[in-house]
Amino acid sequence: MSESAFPPPATYTSFDGPVRIATGSLQSVALVVKRALQRGTEGPILIFDDATGRPFDIDTRGSEQEVLSRLPVPRAAPAEDEDQAAEPRGRGRPKLGVVAREVTLLPRHWEWLAAQPGGASVALRKLVEQARRANGERDRVRATQERAYHFMSAMAGHLEHFEEASRALFAADRERLAALVAGWPADVRQHLLHLAQPAWLQETTAAGD
């Protein structure tokens, strides 16, 4: 996966009003927020999950160690590819990652699946993976746009040109978005464009294929 692929590494960003005060791991950002609150601030102080653009709440009561002890376990990348995890691993070894759920199909669908090499389960997994590959770039662009929108809704929903900027974001109109948000607080504007950046890169790559 390239550096521009979505989602990004598990980082968080905190703002004191319109001013960005920290970006990094949840632990490091939590400590910056804790110390800012202790110093006193007009706020509000918000923390955002950079992978989703959504606000992330923490409990800042008590000592720094107590704050850290209440944080969730950091997200980790999958240990192995899902396809490999779903393959049989030999007698006595579990099929990691396989989830059994009900699928409703017509009889002719079941007949076709049963006739495929490996049976219905293998055929269904292959069909799902083919669809994921076919729509992968479009889905990643949409996810990137949505995380940028979540952030701008929380930080800039009251600012001038918000609605027009939202439409430019989902239209992948980079130049118009930049022009519309030019008057927004610098840190808000820069972080918004940073969150949206992978969408522009993916659109450019797709256009060049």
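Criteria and thresholds
- Going along each chain's sequence as written, the residues are numbered from 1 onward.
- Local features in this predicted model are restricted to residues whose pLDDT is 70 or higher, and side-chain atom pairs enter the listing and the counts only when it is 80 or higher, whereas totals over whole chains, interfaces and linings include all residues.
- Side-chain metrics rest on all non-hydrogen atoms present in the structure, leaving aside hydrogens and water.
- Only DSSP runs of H or I covering at least 4 residues are called helices, and only runs of E covering at least 2 are called strands; the numbering of each starts at the N terminus.
- What makes two residues a contact is simply this: any of their non-hydrogen atoms within 4.5 Å.
- The protein chains shown are the only cover counted for residues, whose accessible areas, like all others here, come from Shrake-Rupley with a 1.4 Å probe.
- Only one rule defines a salt bridge in this text: a Lys or Arg side-chain nitrogen within 4 Å of an Asp or Glu carboxyl oxygen.
- For every residue, the accessible area obtained with a 1.4 Å probe (protein chains only) is divided by the maximum for its type, and the residue is called buried under 20%, exposed over 50%, and partly exposed between those limits.
- Any two strands with at least two DSSP bridges between them are considered paired.
- Angles shown run from 0 to 180 degrees and are taken between the N-to-C directions of axes, each axis being a line fitted to C-alpha atoms and, for helices, limited to the stretch in contact.
- What we call a nonpolar core is a set of buried Ala, Val, Leu, Ile, Met, Phe, Trp, Tyr and Cys residues that are connected through their side-chain atoms within 4.5 Å.
- When the centres of two rings from Phe, Tyr and Trp lie within 6.5 Å, Trp using its six-membered ring, the rings pair. Their planes under 30 degrees apart give stacked, over 60 give edge-to-face, and anything left gives tilted.

**Concerning the overall build of the chain**
Summing up its helical and strand segments, the chain has 8 helices and 3 strands in all. Reading the secondary structure of the chain in the N-to-C direction produces β-β-α-β-α-α-α-α-α-α-α. The long-range fraction of contacts in the chain, counting pairs at least 24 apart against all pairs at least 6 apart in sequence, stands at 59%. Accessible surface, the chain: about 13400 Å² in total, of which carbon and sulfur atoms supply 53%.

**A closer look at the pattern of salt bridges**
In a structure, side chains of opposite charge can pair up when their charged atoms sit close to one another. Enumeration over the complete set of coordinates arrives at 4 salt bridges. For Arg61, the salt bridge is made with Asp59, and the minimal N-O distance between the two is 2.6 Å. The residue Glu146 makes a salt bridge to Arg142 at a minimum N-O spacing of 3.3 Å. In this pair, Glu146 and Arg142 are both assigned in helix 5 (residues 119-156), 4 residues apart and thus about one turn of the helix distant. Residue class for Arg142 comes out partly exposed when judged on its relative accessible area of 43%. Salt bridges sharing common partners tie together Asp59, Arg61 and Arg70.

**Some details on the sheet that holds strand 2 (residues 19-24)**
Sheet strands pair via backbone hydrogen bonds, and the direction of the pair is either parallel or antiparallel. Read from one edge to the other, the open sheet built from 3 strands follows the order 2-1-3, with strand pairing classed as antiparallel. Only two strands of the sheet have a single neighbouring strand rather than two, namely strand 2 and strand 3 (45-49). Neighbour to neighbour, the strand axes of the sheet diverge by 20° on average, direction disregarded. Sheet analysis places strand 1 (residues 12-16) next to strand 3, joined by 5 bridges and oriented antiparallel. Its bridge partner lying in strand 3, Thr13 is registered against Phe48. Its contacts with the sheet place helix 1 (residues 26-39) against strand 1, strand 2 and strand 3, and it is angled at close to 145° to strand 2.

**Structural notes on the environment of Pro185**
Turning to its location among the elements, Pro185 is positioned in the loop between helix 7 (174-180) and helix 8 (186-208). Separated by 166 residues in sequence, Pro185 and Val19 have C-alpha atoms that sit 7.9 Å apart.

**Regarding the side chain of Ser14**
If you trace the backbone, Ser14 turns up in strand 1. A relative accessible area of 0% means that Ser14 is categorised as buried. If sequence neighbours within four positions are ignored, Ser14 has contacts with Val19, Arg20, Ile21, Ala22, Val29, Val33, Leu46 and Ile47.

**Section: the nonpolar core**
Within the largest apolar cluster, 20 residues are counted, with the highest numbers of intra-cluster contacts made by Phe151 and Trp184. Breaking this core down by element, the ones donating at least two residues are helix 5, helix 6 (162-170), helix 7 and helix 8. Leaving out residues up to four positions away in the same chain, Trp184 has contacts with Met152, Ala156, Leu159, Glu160, His161, Phe162, Ala165, Arg189 and Leu192. Core analysis: the next-biggest nonpolar cluster, separate from the first, contains 11 residues, Ala30, Ile47, Val67 and Leu71 among them.

**A few points about the packing of aromatic side chains**
A complete count under the given rule lists 6 aromatic pairs for this structure. An angle of 55° between the planes, with centres 5.6 Å apart, marks the rings of Tyr149 and Phe170 as tilted. A residue pair is termed long-range when its members are at least 10 positions apart, and Tyr149 in helix 5 and Phe170 in helix 6 qualify at 21 residues. One aromatic cluster is present, built from ring pairs that chain together Phe15, Phe48 and Phe151.

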